[in-house]
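Descriptive analysis of the structure
Spelled out, the chains give:
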Amino acid sequence: MHQDLERDRNDEIIAILEVMYPDAECALNFRTPFELLVATILSAQCTDKRVNEVTAGLFAECQTAEDVIRLGVEGIADRIRGLGLFRNKSQHIFAAAQMLLDRYDGEVPQTREELIQLPGVGRKTANVVLANAFNIPAFAVDTHVHRVANRLGLVKAKNVEATEAQLMEAVPKEQWIALHHQLIHHGRNLCGARKPQCSECPLLPHCHFGSASKEANEVSN
């Protein structure tokens, strides 16, 4: 019975998020799997808006692994200098491009196991590429997804790896990609890390964090 109630609550949360963010999608600008791979590597500790500003110029002259090798590490670094950790990122992008040429004829592979072998690519980056470049179900968990999923009570996890595993178990596979984007949008729009706008949130009746905060406020008043 408890599991049925929990499943019904999760379904209601997902349905509300679908209404709130029907057009939620990847915020990084890209035209090809390779461009998305590069943009996602660049997005570490940077906002998607800032990455898009930088890649607008980068992708005008660098669209393939061959282009990256032609520019070289310093050439890439010069073009992404406005981003944090730009030197490390330029080295990762160059090394990843070299591996793509050596192993995959310059094409981005379509399995997580192959993607995470690329320099600068961890599980989250691999999942972003799988879901958004190839429409392969994957649940990329960033700080927004981790925070919002735990606050809502969709999961109870201490780290992003556990959050991903629990979301994959709790949510039907066909909903993974859309829900990933919806949770990110919700984290950016209403459920911020420091000042969540619980009183304005349509999910408040179903949210563990919001309900607890509301009760605490009522007691204090």
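Residues numbered from 1 in each chain as written. Predicted model: local features only at pLDDT ≥ 70, side-chain atom pairs only at ≥ 80, totals over all residues. Heavy atoms only, no water.

**Topic: the overall build of the protein chain**
From N to C terminus, the protein chain includes 11 helices and 0 strands. Among the 221 residues that make up the protein chain, the fraction classed as buried is 47%. Here the contacts in the protein chain between residues at least 6 apart in sequence split such that 57% fall between residues at least 24 apart. As presented, the protein chain carries roughly 11,700 Å² of accessible surface, and 50% of it is formed by carbon and sulfur atoms. Counting 23 positive and 29 negative side-chain charges, the protein chain places the centres of these two groups 8 Å from one another. (Helix = DSSP H or I, 4+ residues; strand = E, 2+ residues; numbered from the N terminus. Buried < 20%, exposed > 50% of the residue type's maximum accessible area, 1.4 Å probe, protein only. Contact = heavy atoms within 4.5 Å. Areas by Shrake-Rupley, 256 points an atom, 1.4 Å probe, with all protein chains shown as cover. Lys, Arg positive; Asp, Glu negative; His and termini not counted. Charge placed at Lys NZ, Arg CZ, Asp CG, Glu CD.)

**Some thoughts on the packing of aromatic side chains**
In the structure shown here, the tally under the stated rule is 1 aromatic pair. Across from the ring centre of Phe-209, 4.4 Å away, lies the NZ or CZ of Arg-151, which sits over that ring. (Phe/Tyr/Trp six-rings, centres within 6.5 Å; stacked < 30°, edge-to-face > 60°. Lys NZ or Arg CZ within 6 Å of the ring centre and 35° of its normal.)

**Details of the environment of Leu-37**
With respect to the secondary-structure elements, Leu-37 resides in helix α2 (residues 33-42). Given the relative accessible area of 2%, Leu-37 is considered buried. Distance from Leu-37 to Ala-96, taken between C-alpha atoms, is 9.4 Å for residues 59 residues apart in sequence. Contacts of Leu-37, omitting those with residues within four sequence positions, involve Leu-100, Val-108, Leu-118, Val-121, Thr-125 and Val-129.

**So, the packing of helix α3 (residues 48-61) against helix α4 (residues 65-79)**
Viewed as axis vectors pointing N to C, α3 and α4 meet at an angle of 155 degrees, and their least axial separation amounts to 11 Å. As the angle between them shows, α3 and α4 are arranged roughly antiparallel. As α3 runs across α4, the sense of the crossing is right-handed. Each of Val-54, Leu-58 and Glu-61 in α3 lies in contact with α4, whose residues at this interface are Asp-67, Arg-70, Leu-71, Ile-76 and Arg-79. (Axes fitted to C-alpha atoms, helices over the stretch in contact; angles between N-to-C directions. Parallel < 35°, antiparallel > 145°, perpendicular 65-115°, else oblique. Left-handed = near helix turned anticlockwise from the far one by under 90°.)

**So, helix α8 (residues 143-152)**
The element α8 is extensively covered by neighbouring structure, given that 7 of its 10 residues are classed as buried. Buried within α8 are the following residues: His-144, Val-145, Arg-147, Val-148, Ala-149, Arg-151 and Leu-152. Capping the start of α8 is the job of one residue whose side-chain oxygen sits 3.1 Å from the backbone nitrogen of His-144: Asp-142. Positive phi shows up at Gly-153, right after α8, with a value of about 90 degrees. (Polar contact = N/O pair within 3.5 Å; in protein donor to acceptor, adjacent residues only side chain to side chain.)

**Regarding the state of the cysteines**
This model, assessed by the stated rule, comprises 0 disulfides. Between Cys-26, a free cysteine, and Cys-46, which holds the nearest cysteine sulfur, the sulfur-to-sulfur gap is 15 Å. (Disulfide = S-S within 2.5 Å.)

**A few points about the pattern of salt bridges**
Summed over the entire model, instances satisfying the criterion amount to 8 salt bridges. Where Arg-81 meets Asp-78, a salt bridge forms, and the shortest distance between an N and an O atom there is 2.6 Å. Note that Glu-164 and Arg-123 form a salt bridge whose closest N and O atoms lie 2.8 Å from each other. Separated by 41 residues along the polypeptide, Glu-164 in helix α9 (residues 160-170) and Arg-123 in helix α7 (residues 123-134) bring together distant segments of the chain. (Salt bridge = Lys/Arg side-chain N within 4 Å of Asp/Glu carboxyl O.)

**So, unusual backbone geometry**
In this structure, Gln-45 is a non-glycine residue whose phi angle is positive, near 60 degrees. Tracing the sequence through the fold places Gln-45 in the loop between α2 and α3.

**A few points about the environment of Cys-46**
In this structure, Cys-46 sits in the loop between α2 and α3. Along the sequence, Cys-46 and Arg-188 sit 142 residues apart, while their C-alpha atoms lie 14 Å from each other. When sequence neighbours within four positions are dropped, the list of residues in contact with Cys-46 reads Val-51, Leu-83, Gly-84 and Lys-89.

**Observations regarding the side chain of Thr-163**
Relative to the helices and strands, Thr-163 resides in helix α9. Excluding its chain neighbours within four sequence positions, the residues that come into contact with Thr-163 are Val-141, Val-145, His-146, Ala-149, Asn-150, Val-155 and Ala-157.

**With respect to the packing of α4 against helix α5 (residues 86-104)**
Contact geometry for α4 and α5: axes closest at 9 Å, N-to-C directions at 160 degrees. Relative to α5, the element α4 is oriented roughly antiparallel. Considering only the axes of α4 and α5, their crossing is left-handed. Across from Ala-65, Glu-66, Val-68, Ile-69, Gly-72, Val-73, Glu-74, Ile-76 and Ala-77 in α4, the residues of α5 making contact are Phe-86, Arg-87, Ser-90, Gln-91, Ile-93, Phe-94, Ala-97, Gln-98 and Leu-101. Residue composition of the contact of α4 with α5, by class: 11 nonpolar, 4 polar and 3 charged. (Nonpolar A, V, L, I, M, F, W, Y, C, P; charged D, E, K, R; others polar.)

The values are spatial; any link to function lies outside them.
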